[in-house]
Amino acid sequence: GEAYITHPLAVAGAVVEWRMDSDAIAAALLHDVLEDTGTTKHELAEKFGKEVAELVDGLSKLDKMEFASYQEAQAENFRKMLMAMARDLRVVLIKLADRQHNLQTMASMRPDKRRRIAQETLDIYAPIALRLGLNKLYREIQDLCFSLIHPNRAEVLAKAVKAARGNRG
């Protein structure tokens, strides 16, 4: 429901926070361009450089995967993420930032779609964040996914934690 520009800016903001290079920041800003516009990889390379185009292309390839079953999707997603890591870890980091912001802004989606994306995130992306040592991101992703999968439980737990803390910080 928000202006589209908020998404690439949020993804780029996470990339900046992680102190990544200018090519990664540009790729974060442009990460959906190949999918959502008529722009080609060649045009992207001409305007922003080959490195940025390769990163954006790597992200687009991760997003285009379709599978016959959930188990196949899980295994294939994990394999492709690892292959992307072998080529350029920045692709994976930008994808994690993208997924983080997607989780933060899912309120307008159907509940079944929110749960599916949250479960996929828990199964595939959260473990990668943990293995990369991105502990803050890992915890945030887990909390967001829990609240999307089990909204009532999350609300009850949040109230219980708040009551238990009282006036303490």
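J.: Which residues make up the overall build of the protein chain, and what are the values?
T.: Broken down by element type, the protein chain carries 10 helices and 0 strands. Listing the helices and strands of the protein chain from first to last along the sequence gives α-α-α-α-α-α-α-α-α-α. When the 169 residues of the protein chain are sorted by exposure, 38% land in the buried category. Looking at the protein chain as shown, the accessible area adds up to about 10,100 Å², and 54% of this sits on carbon and sulfur atoms.

J.: I'd like a rundown of helix H2 (residues 22-30), residues and numbers included.
T.: Every buried residue of H2 is accounted for by Ala 24, Ala 26, Ala 27, Ala 28 and Leu 30. Close packing links the buried residues of H2 with helix H1 (6-17), helix H3 (33-36), helix H4 (41-48), helix H5 (50-63) and helix H7 (89-104).

J.: Kindly report on a nonpolar patch on the surface, identifying the contributing residues and their values.
T.: On the surface, a cluster of nonpolar side chains totalling about 270 Å² of accessible area is made up of Ile 5, Leu 9 and Leu 29. Here Leu 29 lies in helix H2. Overall, the relative accessible area of 36% leaves Leu 29 in the partly exposed class.

J.: Go over the pattern of salt bridges, please, and point to the residues and values.
T.: Pairs may arise between side chains of opposite charge once their charged atoms sit close together. This model, assessed by the stated rule, comprises 10 salt bridges. Here Glu 51 ties to Arg 90 by a salt bridge, and the two come within 2.3 Å at their closest N and O atoms. Placement of Glu 51 in helix H5 and of Arg 90 in helix H7 is noted, with a sequence separation of 39 residues between them. Judged by its relative accessible area of 38%, Glu 51 falls in the partly exposed class. One salt-bridge network, in which partners are shared between bridges, spans Asp 21, Glu 51, Asp 88 and Arg 90.

J.: Describe H7, with residues and values.
T.: Taking 1.5 Å per residue as the helical rise, H7 with its 16 residues ought to reach 22 Å, and the 23 Å between its terminal C-alpha atoms agrees with that figure. Across the 16 residues that make up H7, a large majority, 13, are buried.

J.: Explain the nonpolar core to me, using residue names and the numbers behind them.
T.: Grouped together as the largest cluster of nonpolar side chains are 43 residues, with contacts concentrated most on Val 15, Leu 44, Val 56, Ile 94, Leu 96 and Leu 103. Mapped by element, the contributors of at least two residues to this core are H1, H2, H3, H5, H7, helix H8 (111-131) and helix H9 (135-149). In contact with Leu 44, other than residues within four places in its own chain, are Leu 30, Val 33, Leu 34, Thr 39, Gly 49, Ala 53 and Val 56.

J.: Go over the packing of H5 against H7 with me, naming the residues and quoting the values.
T.: Packed helix pairs are characterised by how far apart their axes lie and by the angle those axes make with each other. Across the interface, H5 lies against H7 with an axial gap of 9 Å and an inter-helix angle of 55°. Here H7 runs oblique to H5, going by the angle between their axes. Seen along the crossing, H5 lies across H7 with a hand that is right-handed. Taken together, the residues of H7 that come into contact with H5 (itself represented by Glu 51, Leu 55, Gly 58, Leu 59, Leu 62 and Asp 63) are Arg 90, Val 91, Ile 94 and Lys 95. Tallied by class, residues from the contact of H5 with H7 come to 5 nonpolar, 1 polar and 4 charged.

J.: Tell me about the confidence of the model for the protein chain, and please be specific about residues and values.
T.: Low pLDDT marks regions whose predicted coordinates should not be analysed in detail. With 88% of its residues at a pLDDT of 70 or more, the protein chain has an overall mean of 87. Averaged pLDDT values for the elements of the protein chain fall to 69 in helix H6 (residues 70-87) and rise to 97 in H2.

Cut-offs and rules
Counting of residues starts from 1 at the beginning of each chain's written sequence and follows it residue by residue. Thresholds applied to this predicted model are a pLDDT of at least 70 for local features of residues and 80 or more for the giving and counting of side-chain atom pairs; totals over whole chains, interfaces and linings are not thresholded and use all residues. Derived side-chain values reflect all non-hydrogen atoms in the structure, with water molecules and hydrogen atoms excluded from consideration. Numbering of helices and strands runs from the N terminus; a helix is a DSSP stretch of H or I covering at least four residues, while a strand is a stretch of E covering at least two. Buried means the residue's accessible area, taken with a 1.4 Å probe over protein chains only, is under 20% of the maximum for its type, while exposed means over 50%, and partly exposed covers the values in between. Areas reported here follow the Shrake-Rupley algorithm with a probe of radius 1.4 Å; residue values treat only the protein chains shown as occluding. Two residues form a contact once any of their heavy atoms are found within 4.5 Å. Patch definition: residues above 30% relative accessible area lacking any salt bridge, with like charges linked at up to 9 Å and the nonpolar side chains Val, Leu, Ile, Met, Phe, Trp and Tyr linked at up to 5 Å. For this analysis, a salt bridge means a side-chain nitrogen from Lys or Arg found within 4 Å of a carboxyl oxygen belonging to Asp or Glu. Helices are assigned an expected span. That span is 1.5 Å times one less than the residue count. As used here, the term nonpolar core means buried Ala, Val, Leu, Ile, Met, Phe, Trp, Tyr and Cys residues forming a set that is joined through side-chain atoms within 4.5 Å. The axes are straight lines fitted to the C-alpha atoms, using for helices just the contacting stretch, and the angles between their N-to-C directions are given from 0 to 180°. Oblique is the label for every angle not falling under 35 degrees (roughly parallel), over 145 degrees (roughly antiparallel), or within 65 to 115 degrees (roughly perpendicular). Crossing handedness is read from the near helix: turned anticlockwise from the far helix by less than a right angle, it gives a left-handed crossing, and turned clockwise, a right-handed one. Side-chain classes follow a simple rule in which Ala, Val, Leu, Ile, Met, Phe, Trp, Tyr, Cys and Pro form the nonpolar group, Asp, Glu, Lys and Arg form the charged group, and the remainder, Gly included, forms the polar group. As a per-residue quantity, pLDDT reports the predictor's confidence and falls between 0 and 100.

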